[in-house]
Amino acid sequence: WEWLKVVDPQTRVAEGVGKTLGTICADVVVLDRDGKMLLVTDSFSKSVDRRTDDLVGESLCQLPWRRESDDEWPWDYALREHAQKTAVKVHLTVGEVKELSFVVNATPVLDGDERVSGALISFEDITVMESQRKDLLQALSDLEVSKEQIRRQNEVLHELASRDGLTGALNRRAL
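Each chain has its residues counted from 1, running along the sequence as written. Whole-chain, interface and lining totals are the exception, using all residues; otherwise, since this is a predicted model, local features are given only for residues with pLDDT of at least 70 and side-chain atom pairs are given and counted only at 80 or more. As a convention, hydrogens and water are excluded, and side-chain values are obtained from all of the structure's heavy atoms.

*Asks:* Explain the pattern of salt bridges here, please?
*Replies:* Side chains bearing opposite charge may pair, as long as their charged atoms lie close to each other. We count a salt bridge whenever a side-chain nitrogen from Lys or Arg sits within 4 Å of a carboxyl oxygen from Asp or Glu. One pass over the full model with this rule turns up 14 salt bridges. Notably, a salt bridge pairs R80 with E81, separated by 2.0 Å at the nearest N-O pair. Classification of residues uses two cut-offs on accessible area relative to the type maximum, computed with a 1.4 Å probe and protein chains only: under 20% is buried, over 50% is exposed, and between them is partly exposed. For R80, a relative accessible area of 47% puts it in the partly exposed group. Residues participating in the shared-partner salt-bridge network are E68, K89, E130 and R133.

*Asks:* Mind showing me how you'd approach the nonpolar core here?
*Replies:* Across soluble globular proteins, nonpolar side chains show a tendency to be buried alongside one another. The biggest cluster of nonpolar side chains holds 26 residues, and the ones touching the most others in it are L31, F44, L60, W65, W75, I121 and F123. Listed by contribution, the elements that provide at least two residues to this core are β1 (27–32), β2 (37–40), α5 (74–81), β4 (85–94), β5 (98–110) and β6 (116–125). Not counting the four nearest positions on each side in its chain, W75 is found in contact with L31, L60, C61, W65, V104, A106, I121 and F123. Only buried residues count toward a nonpolar core. Its members are Ala, Val, Leu, Ile, Met, Phe, Trp, Tyr and Cys residues joined through side-chain atoms within 4.5 Å. Secondary structure elements are defined from DSSP: runs of H or I of at least 4 residues count as helices, runs of E of at least 2 residues count as strands, and each element is numbered from the N terminus. Residue contacts are counted whenever heavy atoms from the two residues lie within 4.5 Å of one another.

*Asks:* How should I be thinking about a nonpolar patch on the surface in this particular structure?
*Replies:* Here a patch means residues that are over 30% exposed by relative accessible area and free of salt bridges, tied together within 9 Å if like-charged and within 5 Å if nonpolar (Val, Leu, Ile, Met, Phe, Trp, Tyr). The method behind every accessible area is Shrake-Rupley, applied with a 1.4 Å probe, and residues are considered shielded solely by the protein chains displayed. A cluster of nonpolar side chains, L137, L140 and L143, forms an exposed patch at the surface whose accessible area comes to about 310 Å². Note on placement: L140 falls in helix α6 (residues 127–162). Judged by its relative accessible area of 52%, L140 is exposed.

*Asks:* Could you clarify how one ought to interpret the side chain of S101 in this entry?
*Replies:* Mapped onto the elements of the fold, S101 is located in strand β5. Apart from residues lying up to four places away in sequence, S101 is in contact with V90, H91, E124, D125, I126, T127 and E130.

*Asks:* Is there a simple way to explain the side chain of S162 in this structure?
*Replies:* Within the secondary structure layout, S162 lies in helix α6. Looking at S162, the relative accessible area reads 9%, which means it is buried. With residues near it in sequence (within four places) discarded, S162 still touches A169, L170, N171 and A174.

*Asks:* Before we go on, may I ask you to explain the sheet that holds β1 in this structure?
*Replies:* Paired through their backbone hydrogen bonds, the strands of a sheet run either parallel or antiparallel. Strand order across the open sheet formed by 6 strands is β2-β1-β6-β5-β4-β3, with antiparallel pairing between neighbours. With one partner strand each, in any of the chains shown, β2 and β3 (65–67) form the two edges of the open sheet. Pairs of neighbouring strands in the sheet enclose a mean axial angle of 30°, with direction left out of account. Strand pairing is defined by DSSP finding a minimum of two bridges between the two strands. In this sheet, β6 lies alongside β1 in antiparallel orientation, the contact comprising 6 bridges. For helices, the fitted line uses only the C-alpha atoms of the stretch in contact; every axis is such a line through C-alpha atoms, and the angle between N-to-C directions lies from 0 to 180 degrees.

*Asks:* Please explain unusual backbone geometry as it appears in this structure.
*Replies:* In terms of backbone geometry, most residues other than glycine have negative phi values and most peptide bonds are trans. Backbone geometry at A87 places phi at a positive 55°, although glycine is not the residue there. Mapped onto the elements, A87 comes out in strand β4. Non-glycine residue E114 carries a positive phi angle of around 65°. Here E114 shows up in the loop between β5 and β6.

This is the structure in structure tokens:
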């Protein structure tokens, strides 16, 4: 990870490293020790609908993220704790109405003296899976409602089949 010391985000080396990372994993961001973006893959900049040049030097936390728990951001955890944080679900608002969902893995980058010099963050886009999951949950909810309606209708049918409609007395079938 010594390459982080010499990688200036404005050089062709940084561009080559970013493209290489983009071929390994879809969306990758390399942060410095302050949480500012040093390298951003083209796929990440497309996902967030921002130019790569505009993202470099900006804090990753400045993007409009949303998380499902009160835990800290995985990249902040990796930088602070010098430990990996994996499989954290986060959401990002892009534009006015579009929301993307990601599973994030954050790994600290240590220098030769075991000090944190940055972090490598990968983002796996699970937006389609999240949409399908929500659709399945809605379908399950609809099925539960239908099941309850059928149960009530069966009770009514049982009552109609076993009692006389005029007197309410049990009929021959019920006896």
